[in-house]
Amino acid sequence: MILHILILLSGFAALIKGADFFVDGSADLARIFRIPGLVIGLTIVAMGTSAPELAVSVSAAVEGSNEIALSNVVGSNIFNLLVVLGFCALFHPVPVERVTIWRDCLVSLAVTACLLVGLLLQGQVSLNVFRGNLSVQAGAVTRIMGLLLMLFFALYMYSLVAKAMHEPGEDVAEDVRPIWQCFLLIAAGAILIVVGGKAVVAGAREIALFLGMSETLVGLTIVAVGTSLPELVTSVVAARKGETGMAVGNVVGSNIFNMMFILGISASLHPVEVIAASLMDLGILIVATMITMYFALSERKISRMEGSGMLLLYAAYLAYIIVR
């Protein structure tokens, strides 16, 4: 037990330092190539911080642990929206660009909604009026659905890069690091983030199982939260350094990467069967995305009060999945 606690603490330390390196290198790289920080956050930072989710979900899909493969993605996305953005807003009100709301958030919302509808059309829903209960048999994320998700992700990434080439960022500042140092910081940060994320997940999972938690609950809570710690640490560090565009881009980009690429490649390797509870979690993710968009549209930013509300909503979600 003590060993697992030490592994957990070491993982946290690696995550924090790795996020610091990653943000510094990515921010300077964006300035060198005159690319907006939002685009860097949606691409390089989002993919780097989603590496733990990729490793966990792909491994779970190959081993046939479908509940962890899907619940990790859905749980991580809910955590990213409500906790990562909510926590960032506590430090500093988070401004959200109009393009982030109407392009990136809508893409994330549309993909999640289409996935939920596709699974419902595959499954069966029956209502027993006499017993008063609702029986739901979910479908599966098939290989074809997985390939389609990856295709849409490739098209999305292409549109981001193409748009960034026509909308350069700010001029290069004199105090920007050399390009080789930027790539070195990004690589070192990514390694620390992945190693730290795996250490946190491994330590937390063993501690949770020792305390008697089920594997499904571990997937939705410990594993999902653990693999999302890179997004949390990276976004908070970015927000505190004034890179708010990168902070928001990291969250939204990670959600799109998780849902389209990670779930896509997992399903392509092995069809991911879905339990009925996961359909409810997908619905909650859709509601969380809509709430985030509403807050962002209100004053083009997520205030400290709204951030506190998002954290309370996540606490209510945790209570719900523990009780069920």
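Residues numbered from 1 in each chain as written. Predicted model: local features only at pLDDT ≥ 70, side-chain atom pairs only at ≥ 80, totals over all residues. Heavy atoms only, no water.

Things to note about the overall build of the protein chain
Then comes step 1: When its secondary structure is counted, the protein chain shows eleven helices and six strands.
Then comes step 2: Counting over 324 residues, the protein chain shows a buried share of 50%.
Then comes step 3: Partitioning the intrachain contacts of the protein chain with sequence separation of at least 6 by distance along the chain shows that 84% fall at a separation of at least 24.
Then comes step 4: For the protein chain, the computed accessible surface area is about 14,600 Å², with 70% contributed by carbon and sulfur atoms. (Helix = DSSP H or I, 4+ residues; strand = E, 2+ residues; numbered from the N terminus. Buried < 20%, exposed > 50% of the residue type's maximum accessible area, 1.4 Å probe, protein only. Contact = heavy atoms within 4.5 Å. Areas by Shrake-Rupley, 256 points an atom, 1.4 Å probe, with all protein chains shown as cover.)

Digging into the environment of Asp-281
Then comes step 1: Note on placement: Asp-281 falls in helix α10 (residues 276-299).
Then comes step 2: For Asp-281, a relative accessible area of 3% gives the class buried.
Then comes step 3: As a C-alpha pair, Asp-281 and Ile-78 span 203 residues in sequence and 8.7 Å in three-dimensional space.

A look at the nonpolar core
Then comes step 1: Core analysis: the largest hydrophobic core is formed by 76 residues, its most contacted members being Leu-115, Val-141 and Met-259.
Then comes step 2: At twelve residues, the largest contribution of residues to this core is made by helix α4 (residues 66-91).
Then comes step 3: Look past the residues within four positions of Val-141 in its chain and what remains in contact with it is Leu-115, Leu-119, Leu-263, Ala-267, Pro-271, Val-272 and Val-274. (Core = buried A, V, L, I, M, F, W, Y, C linked by side-chain atoms within 4.5 Å.)

What about the side chain of Asn-255?
Then comes step 1: Relative to the helices and strands, Asn-255 is located in helix α9 (residues 244-269).
Then comes step 2: Since its relative accessible area comes to 2%, Asn-255 is described here as buried.
Then comes step 3: Within the structure, Asn-255 has its side chain in polar contact with the side chain of Asn-80 (distance 2.8 Å).
Then comes step 4: In contact with Asn-255, other than residues within four places in its own chain, are Asn-77, Asn-80, Leu-81 and Ser-108. (Polar contact = N/O pair within 3.5 Å; in protein donor to acceptor, adjacent residues only side chain to side chain.)

Details of the packing of helix α5 (residues 98-122) against α10
The angle between the axes and the distance between the axes are what describe a pair of packed helices.
Then comes step 1: Where α5 meets α10, the closest approach of the two axes is 10 Å, and the angle between their N-to-C directions is 160°. Classed by the angle they form, the pair α5 and α10 counts as roughly antiparallel. Handedness of the α5/α10 crossing: left-handed. Contacts between α5 and α10 pair Ile-101, Trp-102, Cys-105, Leu-106, Leu-109, Thr-112, Ala-113, Leu-115, Leu-116, Leu-119 and Leu-120 from the former with Leu-279, Leu-282, Gly-283, Leu-285, Ile-286, Thr-289, Met-290, Met-293, Ala-296 and Leu-297 from the latter. (Axes fitted to C-alpha atoms, helices over the stretch in contact; angles between N-to-C directions. Parallel < 35°, antiparallel > 145°, perpendicular 65-115°, else oblique. Left-handed = near helix turned anticlockwise from the far one by under 90°.)

Some details on the side chain of Asp-104
Then comes step 1: Checked against the element boundaries, Asp-104 lands in helix α5.
Then comes step 2: Given a relative accessible area of 0%, Asp-104 falls into the buried group.
Then comes step 3: A polar contact is formed between the side chain of Asp-104 and the side chain of Tyr-156, at a distance of 2.7 Å.
Then comes step 4: Among residues more than four places away in sequence, those in contact with Asp-104 are Leu-42, Val-99, Tyr-156, Leu-160, Val-252 and Ile-256.

A short note on the packing of aromatic side chains
Two aromatic rings, taken as a pair, are described by how far apart their centres are and by the angle between their planes.
Then comes step 1: Within the structure shown, the criterion is met by six aromatic pairs.
Then comes step 2: Seen in terms of ring centroids, Phe-153 and Phe-257 are 5.5 Å apart; in terms of plane orientation they differ by 70°. Their pairing is edge-to-face. Of the two residues, Phe-153 sits in helix α6 (residues 143-166) while Phe-257 sits in helix α9, which places them 104 residues apart along the sequence. Residues Phe-153 and Phe-257 agree in their burial class; the two are buried.
Then comes step 3: Seen from their ring centres, Phe-257 and Phe-261 are 5.0 Å apart, and the 25° between their planes marks the pair as stacked. In this pair, Phe-257 and Phe-261 both sit in helix α9, four residues apart, roughly one turn of the helix. (Phe/Tyr/Trp six-rings, centres within 6.5 Å; stacked < 30°, edge-to-face > 60°.)

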